[in-house]
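Results of the structural survey
This is what each chain is made of:
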Amino acid sequence: MRIITGSARGTKLATLEGENTRPTAERVKEAIFSMIQFDIQDTWVLDLFAGSGQLGLEALSRGAEKAHFIDRSADATNIVRANAQKTHLYNRCRILNLDWAEYLKTSKGLYKFDYVFLDPPYSTGMLHDALALLPECDILNEGAWIFAEDESEDPFNGDEELAAKYNIEKQNRYGRIHVSVLSLK
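All of these numbers come straight from a predicted model, not from anything done at the bench. (Residues numbered from 1 in each chain as written. Predicted model: local features only at pLDDT ≥ 70, side-chain atom pairs only at ≥ 80, totals over all residues. Heavy atoms only, no water.)

Bringing helix α2 (residues 54–61) into the picture now. By the criterion of burial, α2 is predominantly enclosed, with 8 of the 8 residues buried. Within α2, the full set of buried residues consists of Q54, L55, G56, L57, E58, A59, L60 and S61. Packing partners of the buried residues in α2 comprise α1 (26–36), β1 (44–47), β2 (66–71), α3 (74–86), β3 (93–97) and β4 (113–118). G63 sits one or two residues past α2 and shows a positive phi near 115°. (Buried < 20%, exposed > 50% of the residue type's maximum accessible area, 1.4 Å probe, protein only. Helix = DSSP H or I, 4+ residues; strand = E, 2+ residues; numbered from the N terminus. Contact = heavy atoms within 4.5 Å.)

Bringing the pattern of salt bridges into the picture now. By the definition in use, this model includes 4 salt bridges. One salt bridge in this structure joins E58 and R62, with 2.8 Å as the shortest N-O distance. Given the relative accessible area of 0%, E58 is considered buried. Between E151 and R176 there is a salt bridge, with the nearest N and O atoms lying 1.9 Å from each other. Of this pair, E151 sits in the loop between β5 (140–150) and α6 (160–163) while R176 sits in the loop between β6 (166–174) and β7 (177–184), placing them 25 residues apart in sequence. According to the relative accessible area criterion, E151 is partly exposed, its value standing at 32%. Taken together, the shared-partner salt bridges in this structure form one network comprising K29, E58 and R62. (Salt bridge = Lys/Arg side-chain N within 4 Å of Asp/Glu carboxyl O.)

Our focus in this paragraph is the sheet that holds β4. In a beta sheet, neighbouring strands are held together by backbone hydrogen bonds and run either parallel or antiparallel to one another. As summarised here, the arrangement of the 7 strands in space is β3-β2-β1-β4-β5-β7-β6, forming an open sheet in which the pairing is mixed. Of all strands in the sheet, those bounded by a partner on one side alone are β3 and β6. Looking at each pair of strands side by side, their axes are set apart by 15° on average, direction ignored. Sheet topology note: the β6/β7 ladder contains 8 bridges and is antiparallel. Bridge pairing in β7 links I168 to L182. (Pairing = 2+ DSSP bridges. Axes fitted to C-alpha atoms, helices over the stretch in contact; angles between N-to-C directions.)

Right, let's get into the packing of aromatic side chains. Two descriptors summarise a pair of aromatic rings, namely the distance from one centre to the other and the angle between the planes of the rings. For the structure shown, the criterion picks out 9 aromatic pairs. Considering the side-chain rings of W145 and F147, the 6.1 Å spacing of their centres and the 70° angle between planes classify their relative orientation as edge-to-face. Taken individually, W145 and F147 each receive the classification buried, so the pair is uniform in this respect. Among the aromatic residues, those joined into a ring-pair cluster are F33, Y115, F117, W145 and F147. (Phe/Tyr/Trp six-rings, centres within 6.5 Å; stacked < 30°, edge-to-face > 60°.)

Bringing the pairing of β1 into the picture now. The pairing of β1 with β2 spans 4 bridges and is parallel. If you follow V45 over to β2, its bridge partner there is A67. Pairing between β1 and β4: 3 bridges, direction parallel. Opposite L46, over in β4, you have V116 as the bridge partner.

A few words now on the nonpolar core. One finds L57, F69 and F147 to be the most contacted residues of the largest nonpolar core, which totals 33 residues. Elements represented by at least two residues in this core include exactly α1, α2, β2, α3, β3, β4, β5 and β7. Here this core takes 6 residues from α1, the largest share from any one element. For F147, the residues in contact, after removing those within four places along its chain, are I32, M35, I36, Y115, V116, F117, L118, V179, S180 and V181. (Core = buried A, V, L, I, M, F, W, Y, C linked by side-chain atoms within 4.5 Å.)

Glancing now at the environment of I95. Secondary-structure assignment places I95 in strand β3. Classification of I95 as buried rests on a relative accessible area of 13%.

Spelled out as structure tokens, the structure:
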């Protein structure tokens, strides 16, 4: 796993050992960043289930101003910190060892993000729960995009009330992985 382009291009990133954290596949990451490559400059990014931090660090490498990395695993936040230092992007990072829901609730109105990356462990219901909580948190700039990665094609898990709060900007499938690009209505 590496940074694809930008100031940290080619830097190899450390990942967590074991099965608990699954990094976003290279081709999925490339597809996500090809969608926003001309709009990433000077934006704020939230990597809510950070893992190794590769999505937020890729955004910073491409010119995002600031990225917040949230993960409840201390091992994960240590890896993010090490990767941020290795890429020389650490000064533009806020790395918190905190549960994602706690972060959203306590950050209400404090920060405004342009892009949010949601890549929680599959089949846990956390993607649905994060999408349900996001509209209440007042952390999204006007026109913000949310990238939701899951095995299911439906990021809302059949919840029509939740789906009514979002616009689906794009949806793509990469093998067994589905990426939904969402914005608030």
